[in-house]
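Now for the letters of each chain:
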Amino acid sequence: MVRAAWGGPPHRESMTQPELLQHRPFERASRPRLVEAPPRLSMRLWNLDWGATLPWHFDAARVESSSHDEVMAFTREHYAAIFGHASAEGRFLPSPMTEAKRRFLSEMDFFVFRVGRETAGVFMGHPTDWTSYYLRSTAIVPQHRERGLMTRFFERLAEPLRGAGVERIEADCSPANAPIIRVLSGQGYVVTGTTNSERWGLLLRYTKFLRDDARGAFLRQYTAMPIAQRGETETLNTDRSRP
Ligand SMILES: CC(C)(COP(=O)(O)OP(=O)(O)OC[C@H]1O[C@@H](n2cnc3c(N)ncnc32)[C@H](O)[C@@H]1OP(=O)(O)O)[C@@H](O)C(=O)NCCC(=O)NCCS
């Protein structure tokens, strides 16, 4: 996956440790020249080349690999309205763009949903460790929702991740966000925790286990109910006596 970028030192993988510490990928060189962008974390950890598997087509929508710049332009235009930032103003600490944030973001995977010439939505994700992938943020503009776009996208996204040896996909979302909860639950994600943060408030942690033994271990140890999802016939916790 090669992206064009202006300026900067030689390719990062060929740098020594002292050179890496000095590396300033976002500073413009005085005489701009075209260089290859460094591979993202998914590629470096798992050799996962999204460019080789995309695009994906869901009816009229086409999902493509995208760039930090394009996805950030979409977030600037749409996120305040979509996520109601104005109504939450003052309740949560803002997270302004800093150099560190920009560098972190540049490690993520970016996808866009296109319908004709329109950008109908975006998705950002990244590894959180060597076996876990995090669904960082996603949104579809209102006029393209409820057509099964996100459902089919998440379904498709899991395949290359599983193929690369990833064991779980994780996501955080507000308990008030009924549509995404519906999508995640329908895709076999289960609630594995909650967090409270000064940045986002109360969030539910959802996990999709890509290995049956991991899912089984979670359900056996942390749930006291038989599995109640469609298509599941297995009953766990039969050793527990319920009053
Ligand atoms: C969440 C989001 C990405 C889903 O995208 P989408 O392409 O519309 O998703 P799908 O069409 O695949 O599925 C939507 C599901 O939510 C359901 N839904 C939609 N609005 C709902 C509501 N108000 N209450 C309950 N369920 C709702 C739909 O019925 C559908 O479920 P079904 O297929 O079982 O009927 C989209 O709603 C969105 O962009 N929301 C704002 C941004 C956001 O919340 N991002 C996630 C942050 S964690």
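Criteria and thresholds
Residues numbered from 1 in each chain as written. Predicted model: local features only at pLDDT ≥ 70, side-chain atom pairs only at ≥ 80, totals over all residues. Helix = DSSP H or I, 4+ residues; strand = E, 2+ residues; numbered from the N terminus. Contact = placed C-beta atoms within 7 Å. Buried ≥ 20, exposed ≤ 12 C-beta atoms within 10 Å, placed from the backbone. Pairing = 2+ DSSP bridges. Expected span 1.5 Å × (residues − 1). Bend = angle between axes of the 7 residues up to and from the residue. Core = buried A, V, L, I, M, F, W, Y, C linked by C-beta atoms within 7 Å. Near = placed C-beta within 6 Å. Nonpolar A, V, L, I, M, F, W, Y, C, P; charged D, E, K, R; others polar. pLDDT = per-residue confidence, 0-100. Axes fitted to C-alpha atoms, helices over the stretch in contact; angles between N-to-C directions. Arc of directions from axis to C-beta.

Observations regarding the overall build of the protein
For the protein, the count of helices and strands is eight helices and 10 strands. A separation threshold of at least 6 residues defines the contact pool for the protein, and within that pool the share at least 24 residues apart is 58%.

Digging into the pairing of strand β5 (residues 109-115)
Most of β5 sits inside the fold, with five of its seven residues counted as buried. Sheet topology places strand β4 (residues 61-65) next to β5; five bridges connect them, and they run antiparallel. Across the sheet, the residue bridging to Val63 is Phe113, located in β5. Pairing of β5 with strand β6 (residues 118-129) involves seven bridges; the strand directions are antiparallel.

Notes on helix α4 (residues 68-83)
Under the 1.5 Å per step criterion, the end-to-end length of α4 is only 20 Å for 16 residues, more than 12% shorter than the ideal 22 Å. Of all the bends in α4, the greatest, near 45 degrees, is centred on Glu77. Just downstream of α4 lies Gly84, where phi reads positive at about 60 degrees.

Section: the nonpolar core
Counting 32 residues, the largest nonpolar core has Phe113, Val122 and Phe153 as the members making the most contacts within it. Of the residues forming this core, the biggest block, six residues, is contributed by helix α6 (residues 149-163).

Focus: the site of the ligand
Around the ligand, the surrounding shell holds 19 residues, and the nearest of these are Arg145, Leu149, Met150, Thr151 and Ala178. Every element with two or more residues in the shell around the ligand is listed here: β7 (132-140), α6 and α7 (178-186). Per-element accounting of the shell around the ligand gives the leading share, six residues, to α7. The residue makeup of the shell around the ligand, split by class, is 10 nonpolar, five polar and four charged.

Things to note about unusual backbone geometry
Between Leu54 and Pro55 the backbone carries a cis peptide bond, its omega angle lying at 5 degrees. Although it is not a glycine, Asn47 adopts a positive phi angle of roughly 55 degrees. One can find Asn47 in the loop between α2 (41-46) and α3 (50-53). In the Ramachandran plot, Glu146 falls in the positive-phi region, its phi being about 55 degrees despite a non-glycine side chain. Its location among the elements puts Glu146 in the loop between β7 and α6. Here Glu146 falls in the exposed class, since 10 other C-beta atoms lie within 10 Å of it.

With respect to the environment of Ser67
Note that Ser67 resides in the loop between β4 and α4. Considering only alpha carbons, one finds Ser67 and Phe110, 43 residues apart in sequence, at a separation of 5.8 Å.

Concerning the confidence of the model for the protein
Chain-level statistics for the protein give a pLDDT mean of 84 and a share of 77% at 70 or above. A low-confidence stretch, residues 1-18 stays under pLDDT 50, and its non-local contacts, those more than four residues away or across chains, total 32 contacts. Every residue in residues 23-30 scores below 50 in pLDDT, and together they form 10 contacts with partners more than four places removed in sequence or on other chains.

Here's the deal with the sheet that holds strand β9 (residues 190-197)
The strand order β3-β4-β5-β6-β7-β8-β10-β9 describes an open sheet built from eight strands, whose pairing is mixed. In this open sheet, the two edge strands, each paired with only one partner strand, are β3 (56-58) and β9. This sheet shows a mean twist of 25 degrees between the axes of neighbouring strands, independent of strand direction. As paired elements, β9 and strand β10 (residues 201-209) share seven bridges and run antiparallel to each other. Bridge pairing links Val191 to Tyr206 in β10.

Regarding α6
Along an α-helix, residues three or four positions apart point the same way, because every turn accommodates 3.6 residues. Taking 1.5 Å per residue, 15 residues should reach 21 Å; α6 reaches 22 Å between its end C-alpha atoms and fits that length. Every buried residue belonging to α6 is among Leu149, Met150, Phe153, Phe154, Leu157 and Leu161, and all of these are buried. Down the axis of α6, the sector holding all buried residues measures 115 degrees, keeping them to one side. Opposite the buried face of α6, by more than 90 degrees, sit the exposed residues Glu159 and Gly163. Two residues or fewer after α6 comes Gly165, characterised by a positive phi angle close to 95 degrees.

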